[in-house]
Amino acid sequence: MKLCRFNGNCLGVLVGDGVLDVTPALAVIPLQHWPLAQGDPLILNLDAVLERVSELLPTAPRLPLDGLAMDSPVANPGKIVNAPINYRAHIEETSRDAAIAHGRDMTRSISDWGLFLKASSALIGPSEQIRLRFPDRRNDHEVELAVVIGRRCHQVSREAALDYVAGYAIGLDITIRGPELQSFRKSPDTYAVCGPWLVTRDEIPDPGVLDLRLWVNNALRQSANTRQLIYDVPRLIEYASSFYTLHPGDLIFTGTPEGVGPLLPGDRVDAEIAQIGRFSIQVADRYA
Ligand code: MN
């Protein structure tokens, strides 16, 4: 199932080129009182929501996809986990281009670097705009498979890892190039894009075979396949959960392939991942 959040607080299921509006299913999410449970409330209650969705589907109003404002399928992830240098060809381009590496030692691998976090306040859906915080600096696009964690897990093995996935989406890890730590220069507002919907795990039995592509103003900039990941999805879940607990709704951005490059105000970015879908998003100046 392709589950989307749209037009602010609506919930939908993508069917063909339309969206079935199943917003009343959100009523099964219990109200919380402080202190809030760890995890995104929609994903925490996903089984109950999906049960209600299946009851609503036969009579749900159908809306044309065109014209709907798509929000991030996860509204409140506890953390956005990111894999650095996880495709070999991206490591090679980073080693060649001093404007990407900024003096960092690219002979070190993901097992040396570990993972990093983007601020959850950076998260938007494709209906919003990427607002370049410092347009005079280099701001790059990075298309990445985004994994949505479905169940709390800690120290999970790679064999069991996919059991803890709710589903998948397209992620954009927008990045200011420079000397600062990744968690800082990749965390301005709007620098984490997730969309256009959550594809539930049952529809993607193997996340390691997916073509991913990104265009800027219709020019193809990135094209690769997740089979080229150095740490694949199960290994990333194993690795992340060996350091901290993963909660429902936590996002894992799995790393970008080669072809990263600068964005400018006015650009349009199109991102596509096989078995998930595609979205377009506009780039603007922070003050636009
Ligand atoms: Mn990245």
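The model shown is predicted, which means the values in this text are computed figures rather than measured ones. (Residues numbered from 1 in each chain as written. Predicted model: local features only at pLDDT ≥ 70, side-chain atom pairs only at ≥ 80, totals over all residues. Heavy atoms only, no water.)

Before we move on, can you summarise the domain arrangement of the protein with the specific residues and values?
For the protein, the assigned domains are domain 1 (2–64) and domain 2 (80–284). Domain 1 and domain 2 are separated by 25 Å when their C-alpha centres are compared. For the domain 1 and domain 2 pair, buried surface summed over both sides reaches about 960 Å², with 70% attributable to carbon and sulfur atoms. Looking at the side of domain 1 facing domain 2, the largest losses of area belong to Lys2, Leu3 and Ile43, adding up to 53% of the total buried there. The tally of links between domain 1 and domain 2 comes to one salt bridge. As a salt-bridge pair, glutamate 203 and lysine 2 come within 3.1 Å of each other at their nearest N and O atoms. At the surface where domain 1 touches domain 2, the tally comes to three residue pairs in polar contact (both at pLDDT 80 or more). When residues of the side of domain 1 that touches domain 2 are traced back to their parent elements, those giving at least two are β1 (2–6), α1 (41–44) and α2 (46–56). Of the residues forming the side of domain 1 that touches domain 2, the biggest block, three residues, is contributed by β1. (Domains from an automatic or database assignment. Buried area = accessible area lost by both parts, 1.4 Å probe. Salt bridge = Lys/Arg side-chain N within 4 Å of Asp/Glu carboxyl O. Polar contact = N/O pair within 3.5 Å; in protein donor to acceptor, adjacent residues only side chain to side chain. Helix = DSSP H or I, 4+ residues; strand = E, 2+ residues; numbered from the N terminus.)

Describe the sheet that holds strand β13 (residues 175–176), with residues and values.
As summarised here, the arrangement of the three strands in space is β13-β10-β18, forming an open sheet in which the pairing is antiparallel. A strand with exactly one partner marks an edge of an open sheet, and here the two such strands are β13 and β18 (261–262). Two strands pair when backbone bridges link them, and strand β10 (residues 139–141) and β18 are joined in this way by two bridges, in the antiparallel orientation. The partner of aspartate 140 across the bridge, within β18, is proline 262. (Pairing = 2+ DSSP bridges.)

Requested: an account of the pairing of strand β12 (residues 165–173), with residues and values cited.
The element β12 is largely enclosed, with a buried count of nine among its nine residues. Bridge count between strand β11 (residues 143–149) and β12: seven bridges; the pairing is antiparallel. Opposite valine 143, over in β12, you have leucine 172 as the bridge partner. (Buried < 20%, exposed > 50% of the residue type's maximum accessible area, 1.4 Å probe, protein only.)

Residues and numbers for the coordination of the manganese ion, please.
Looking at the manganese ion, the protein donor atoms are Glu142 (OE), Glu144 (OE) and Asp173 (OD), and they sit 2.0 to 2.1 Å from it. All donor residues of the manganese ion come from one chain, and their arrangement in sequence is E-x1-E-x28-D. Taken as a pair, glutamate 144 in strand β11 and aspartate 173 in strand β12 lie far apart in primary sequence, 29 residues in all. What makes glutamate 144 buried here is its relative accessible area of 1%. (Donors = N, O, S within 2.8 Å, 3.2 Å for Na, K, Ca; no water.)

Describe the side chain of lysine 118, and please don't skip the residues or the numbers.
Position of lysine 118 relative to the elements: it lies in strand β7 (residues 116–118). Among the residues examined, lysine 118 registers a relative accessible area of 3% and is labelled buried. Looking at lysine 118, its side chain comes within polar contact range of the main-chain oxygen of isoleucine 174, at 3.2 Å. In terms of polar contacts, lysine 118 uses its side chain to reach the backbone carbonyl oxygen of tyrosine 191, at 2.8 Å. Leaving out residues up to four positions away in the same chain, lysine 118 has contacts with Ile80, Asn82, Asp173, Ile174, Lys186, Ser187, Tyr191 and Ala192. (Contact = heavy atoms within 4.5 Å.)

I'd like a rundown of the nonpolar core, residues and numbers included.
Core analysis: the biggest nonpolar cluster contains 53 residues, and Leu172, Ile237 and Ile276 have the highest contact counts within it. At five residues, the largest contribution of residues to this core is made by helix α7 (residues 233–243). Two domains each provide a minimum of three residues to this core, namely domain 1 (2–64) and domain 2 (80–284). When residues no more than four places from it in sequence are discounted, the contact partners of isoleucine 276 are Lys2, Leu145, Tyr168, Ala169, Ile170, Trp197, Val199 and Ile204. (Core = buried A, V, L, I, M, F, W, Y, C linked by side-chain atoms within 4.5 Å.)

Provide a residue-level description of the sheet that holds strand β15 (residues 211–216), including the pertinent values.
Across the sheet, which stays open at both edges, the five strands sit in the order β9-β20-β19-β15-β16 with mixed pairing between neighbours. On the outer flanks of this sheet lie β9 (129–132) and β16 (219–225), each paired with one strand and no other. Averaged over all pairs of adjacent strands, the angle between strand axes in this sheet comes to 20 degrees, irrespective of strand direction. (Axes fitted to C-alpha atoms, helices over the stretch in contact; angles between N-to-C directions.)

Outline the UniProt feature "domain: Fumarylacetoacetase-like C-terminal" (unreviewed entry) in the protein, listing residues and values.
Under the present numbering, the feature "domain: Fumarylacetoacetase-like C-terminal" (unreviewed entry) in UniProt falls on residues 79–283. Across residues 79–283, helical content stands at 16% and strand content at 36%; the span's end C-alpha atoms are separated by 24 Å. (UniProt positions renumbered as here; feature names shortened; annotations may be inferred.)

Tell me about the state of the cysteines, residues and numbers included.
Scanning the entire structure with this criterion turns up zero disulfides. Not part of a disulfide, cysteine 4 finds its nearest cysteine sulfur in cysteine 10, a span of 9.3 Å. Here cysteine 194 stays free of any disulfide, with the sulfur of cysteine 4 as its closest cysteine sulfur at 13 Å. (Disulfide = S-S within 2.5 Å.)

Give me unusual backbone geometry: which residues, what numbers.
Geometrically, the link from tryptophan 34 to proline 35 is a cis peptide bond, its omega value of -5 degrees lying close to zero. Among the secondary structure elements, proline 35 is positioned in the loop between β3 (18–21) and α1. Its identity is not glycine, yet threonine 190 carries a phi of approximately 80 degrees, on the positive side. With respect to the secondary-structure elements, threonine 190 resides in the loop between α6 (182–185) and β14 (192–200).

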